[in-house]
Each structure stands twice: as structure tokens, then as C-alpha cells.
Amino acid sequence: MKRVQSVRFIKSAVSPDQYPQHSLPEIAFIGRSNVGKSSLLNALVRKKNLARISNTPGRTQLINFFAVGETCYFVDLPGYGFAKVPESIKKQWQPMIESYLYRNEHLACVVLLLDARHTPTRHDMSMREWLQAYHIPAIFVATKIDKIPKTKRRKHLKTIRETLGVQSTEPLLPFSALTGEGIQTVWKTIYNTTAAT
Ligand code: GDP
């Protein structure tokens, strides 16, 4: 998988019958609202506004599919834990995400984003538990690492690992969309995880 390829928005979907038909591996991205998911997606594909598509009104609560060259699909799953989202939408979220994760014939891995500054929330923990329960390979990314002084990074990463029960064999990758730190490692880990499935 080359690092930068042509990326195309394919479609938004709610239910499995609306997912695009293809035979490529899917890499899904999920995390709390505001965790830096759009910034990570834009940085990975080196497009300023790719993920803006996912943030346009009407699409923020949908599953958005992007084709990355001819090699894989990026799947932008709606963020969770956003206080301003109405209760009715919150109720739709869980079945929508669960049916995506269940229907995992294409799903190669899930990139779970965590804000490097904060202890993971109960929503982050639930997501971690789902991925384990469904045996989905996970890559953990600690976002906004530029906001943590270098001397404190190890401690923050340790807290995330311990709270989520991330094993030492599982990747927890520091990342900054601001400085570009970690971007190569995130790509390499996605590549290795996808190749292994
Ligand atoms: P999303 O809601 O998860 O898609 O989050 P966004 O990518 O829209 O980012 C939310 C906020 O965090 C924005 O104000 C971004 O500028 C900021 N942000 C995202 N990534 C980084 C980062 O790596 N470093 C810093 N300092 N800020 C970031």
C-alpha cells in the first residue's frame, strides 16, 4: 500500500444494504467526537478537506466510505460521546456501528483514536470491548501528542494502555496532525495489520 494515493469519496450509509460493493479490505476509524479523526484522515491521505465530506451537515452521523486508490477503503465511522447530539440520534448510533462491525467480511482493522491528553472515557472502553468481543484487529492512536511535553508522554501512553487494557503487543501510536509525527508509523501499522488478515 503506497502512502499517498488518489482518494475518492464513495458514499454515506446507515445500514448494510447501503454499503458499497467491492472486494477490498476496509480500515475503519472511530473515536470520540473532536478526538482528531478528520485531521488524522486528512493527514494520512494528504488532503486538506477529505474528511470535511464526513463533517458536512447530514453526514456526521453516517458511515462514510472512501476508496484509497485500488488498494483499500477507509471507513469513517461517526464519533461518539458528543453531548450536543439529540437522544434520538444517539439511539441510532449503537445499532449502526454494531451492524457495521458484525458484517466484517471486508473489515481488516479498526483504528481507535484516543486523545493523548485524557484518560480514556467509558465510551472508549466500550469500543475497546466490542472490538475484542468481535475479534477485530485494533490499532490504537494517541492523537494531539504535540500537546503533551516530551517528558510526560510515556506516562500518558501508559495511562491509556492501562485504562483500556491494551497489551504490550498491541500498537498504541503517538500521532500529531499538527507536526506530522507518527504518520509514517500509522501507515506502516495499517499496512502490516491489513496484510496479516
Ligand atoms: P474530529 O471531530 O474527531 O474529526 O476532530 P477534528 O480532526 O475535527 O479535530 C478537532 C480539533 O482538534 C480541531 O480544532 C483540530 O484543529 C484539533 N486537532 C486535531 N488534531 C490535532 C493535533 O494533532 N494537534 C493539535 N494540537 N490539535 C489537533
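Before any of the text, the structure's been laid out above.
Residues numbered from 1 in each chain as written. Predicted model: local features only at pLDDT ≥ 70, side-chain atom pairs only at ≥ 80, totals over all residues. Heavy atoms only, no water.

Visitor: Any chance you could explain the sheet that holds strand E2 (residues 26–31) here in plain terms?
Guide: Each strand in a sheet pairs with its neighbour through backbone hydrogen bonds, running either in the same direction (parallel) or in the opposite one (antiparallel). Read from one edge to the other, the open sheet built from seven strands follows the order E1-E3-E4-E2-E5-E6-E7, with strand pairing classed as mixed. Of all strands in the sheet, those bounded by a partner on one side alone are strand E1 (7–13) and strand E7 (172–174). In this sheet, neighbouring strand axes are inclined to one another by 25 degrees on average, regardless of whether the strands run parallel or antiparallel. Both strand E5 (residues 107–115) and strand E6 (residues 138–143) contribute to a ladder of six bridges, which runs parallel. (Pairing = 2+ DSSP bridges. Helix = DSSP H or I, 4+ residues; strand = E, 2+ residues; numbered from the N terminus. Axes fitted to C-alpha atoms, helices over the stretch in contact; angles between N-to-C directions.)

Visitor: For this particular structure, what's the right way to read unusual backbone geometry?
Guide: If a residue is not glycine, its phi is most likely negative; likewise, a peptide bond is most likely trans. Residue Asn34 is not a glycine yet carries a positive backbone phi of 80 degrees. Within the secondary structure, Asn34 is located in the loop between E2 and helix H1 (37–45). Given the relative accessible area of 71%, Asn34 is considered exposed. Positioned with a positive phi, His135 is a non-glycine residue whose angle comes to about 55 degrees. (Buried < 20%, exposed > 50% of the residue type's maximum accessible area, 1.4 Å probe, protein only.)

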